[in-house]
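For reference, the chains in residue letters:
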Amino acid sequence: MASEEAEGELSARYQKALDALSSLITKRSLFVNNNQSHRFHLLFHYLKVLELEEVVSELKIIHVAGTKGKGSTCTFSESILRGYGLRTGLFTSPHLIDVRERFRLNGIEISQEKFVDYFWCCFHKLKEKTSNEIPMPTYFCFLALLAFKIFATEQVDVVILEVGLGGRYDATNVIQKPVVCGVTSLGYDHMEILGHTLAEIAAEKAGIFKSGVPAFTVPQPDEAMRILDEKASKLDVKLQVVEPLDSSQRLGLQGEHQYLNASLAVALCSTFLQKIGIIEDKNDTNDGLPERVISGLSNAYLMGRAMIVPDSELPEEIVFYLDGAHSPESMEACATWFSQQVKERNQKISEQILLFNCMTVRDPSLLLPRLRTKCIDQGVEFKNAVFVPNMSVYNQVGGSWSKFEQRVDDSTTWQLGLKSIWDNIARGEAKTKSRSDSKEEEKSLVFSSLPLAVDWLRDSARRKSKQVRFQVLVTGSLHLVGDLLRLVKKRNV
């Protein structure tokens, strides 16, 4: 009984912390233009208030920026270094279900008890020092400060730090001397903040480079590579380009694109280990990679990226393929991964269905054609395309399932726009096909909530009498992926 009371008290304290955290959320428009610089420089004041200046300077950090693949690269890196017996701290974003996913100690998200203690320690200290000139940190800035507090107090051996947005003015860039930096694949995303050309975007990402600190990147478009080289040269940074690992290597994260992320992680970890004095045993290798590296790559796990989750009610009839792709380039990678899975897993008659939503800051006219064309090129066509609102909202950082269920957006204006784009693409394709080539007409649907869409899937599957398996690709937004995971109650997959 006492244990239940203690759990209830902790749950209440945790919810109170989440409510306080939600109060720090501001509209993204506030970050545009000169305000980015102002808010970034406030971070140094916040570090001083939290008495973290010295301890943060002593942390051994791997810092990773990029448009896509940041989370995967950081996850591979953490898994590799944990295999070397190092105590790891991993900070990533966004979270799918619970904000504690952003803070991992030795591969495990921080406990509620520790989160609450560290949260209020930071929150109260900062609140005491606020004024009109120096307000409370914004949501992500606070989370970055909280990560520094957690990892410094927990005395981790290495911090793997994923940039939230951009690089130059990102809250994580308050660090002055990382051990090594990485830049993953660059592309067009967050253009309203980072710029409308690859050169502008690359310049923001290269903002994490520090004088004399080695850095690695992957093959980039010429325009982006030129800027990265220029920024590196000015800071005396040795910038090296890695090539993908051999595809025979088994990876814990699925998808052809992960071989490039894994290669970057290997380079970052190798440099880190050398810098801290851990020398590889050249005899302990397999096809050029040390056994502990191979083990780390194969055991890496990241929720929401290339995940396969059977439905909790109809596991044989409905399988969800989850990937939080939300840029044109990642859409193509997602389509390639899904198409491969469809070909490998078709033991019975199957129908492919798209379940999609993207944030309004994205351009669906760039996302949906890339996804559809890539799938068709690989022989996969969708029977239905279903468009839904996100159930969660940007400021939902956790909380009870009952509260989550109430977050349903009654407006489907955006989803109807997505449907229109999809239908226009389909009509354009139909005109180029002869009647003999055309298959049964596909249907696109809009539902006012995700639960209604899942109910429709389940009802449709039951009508098929187990003769057909639905392979449902859920993509376009990490929020949507998180919503789906909650809904099918697969929290601990």
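It should be emphasised that the depicted structure is a prediction, and the values quoted were computed from it without experimental measurement. (Residues numbered from 1 in each chain as written. Predicted model: local features only at pLDDT ≥ 70, side-chain atom pairs only at ≥ 80, totals over all residues. Heavy atoms only, no water.)

In the numbering used here, UniProt assigns the "binding site: ATP" (unreviewed entry) feature to R305 and D323. In summary, the annotated positions, though distributed over 19 residues, converge in three dimensions, the widest C-alpha pair being only 4.7 Å. The residue R305 is located in the loop between α11 (291-299) and β11 (307-310) in this model. Setting aside residues no more than four positions away along its own chain, R305 makes contact with S72, S93, L322, D323 and L478. Its location among the elements puts D323 in the loop between β12 (318-322) and α12 (328-344). Owing to a relative accessible area of 9%, D323 belongs among the buried residues under this scheme. Here D323 is in contact with G304, R305, A306, C334, W337, V474, T475, G476 and V481, once residues within four sequence places are set aside. Reaching out from D323, the side chain makes a polar contact with the backbone nitrogen of A306 at a distance of 3.0 Å. (UniProt positions renumbered as here; feature names shortened; annotations may be inferred. Helix = DSSP H or I, 4+ residues; strand = E, 2+ residues; numbered from the N terminus. Contact = heavy atoms within 4.5 Å. Buried < 20%, exposed > 50% of the residue type's maximum accessible area, 1.4 Å probe, protein only. Polar contact = N/O pair within 3.5 Å; in protein donor to acceptor, adjacent residues only side chain to side chain.)

Another aspect to go through is the nonpolar core. F91, F103, F115, F119, F142, L146 and F148 are the most contacted members of the largest nonpolar core, which has 50 residues in total. Put simply, the parts of the chain that give this core at least two residues each are α1 (2-22), α2 (34-49), β3 (103-105), α5 (112-128), α6 (139-153) and β5 (158-162). Excluding residues within four positions of it along the chain, L146 makes contact with F103, F115, Y118, F119 and C122. (Core = buried A, V, L, I, M, F, W, Y, C linked by side-chain atoms within 4.5 Å.)

Structurally, S350 is set in strand β13 (residues 350-356). With relative accessibility at 18%, the residue S350 sits in the buried group. Separated by 3.1 Å, the side chains of S350 and Q352 make a polar contact. Separated by 3.3 Å, the side chains of S350 and Q471 make a polar contact.

Looking now at the UniProt feature "binding site: Mg(2+)" (unreviewed entry) in the protein chain. Mapped onto this structure's residue numbering, the UniProt feature "binding site: Mg(2+)" (unreviewed entry) falls at S93, E162 and H190. Checked against the element boundaries, E162 lands in strand β5. With near-sequence residues (within four places) excluded, E162 lies in contact with V64, K70, G71, C74, F91, T92, S93 and T172. A polar contact is formed between the side chain of E162 and the backbone nitrogen of S93, at a distance of 3.3 Å.

The next point concerns the packing of helix α16 (residues 450-463) against helix α17 (residues 478-487). For the pair α16 and α17, interaxial distance at closest approach is 11 Å and the crossing angle is 60 degrees. Comparing the axis directions of α16 and α17 gives the class oblique. Note that α16 runs across α17; the crossing there is right-handed. Of the residues in α17, those touching α16 at L450, P451 and V454 are L480, D483, L484 and L487. In the contact of α16 with α17, the residues fall into 6 nonpolar, no polar and 1 charged. (Axes fitted to C-alpha atoms, helices over the stretch in contact; angles between N-to-C directions. Parallel < 35°, antiparallel > 145°, perpendicular 65-115°, else oblique. Left-handed = near helix turned anticlockwise from the far one by under 90°. Nonpolar A, V, L, I, M, F, W, Y, C, P; charged D, E, K, R; others polar.)

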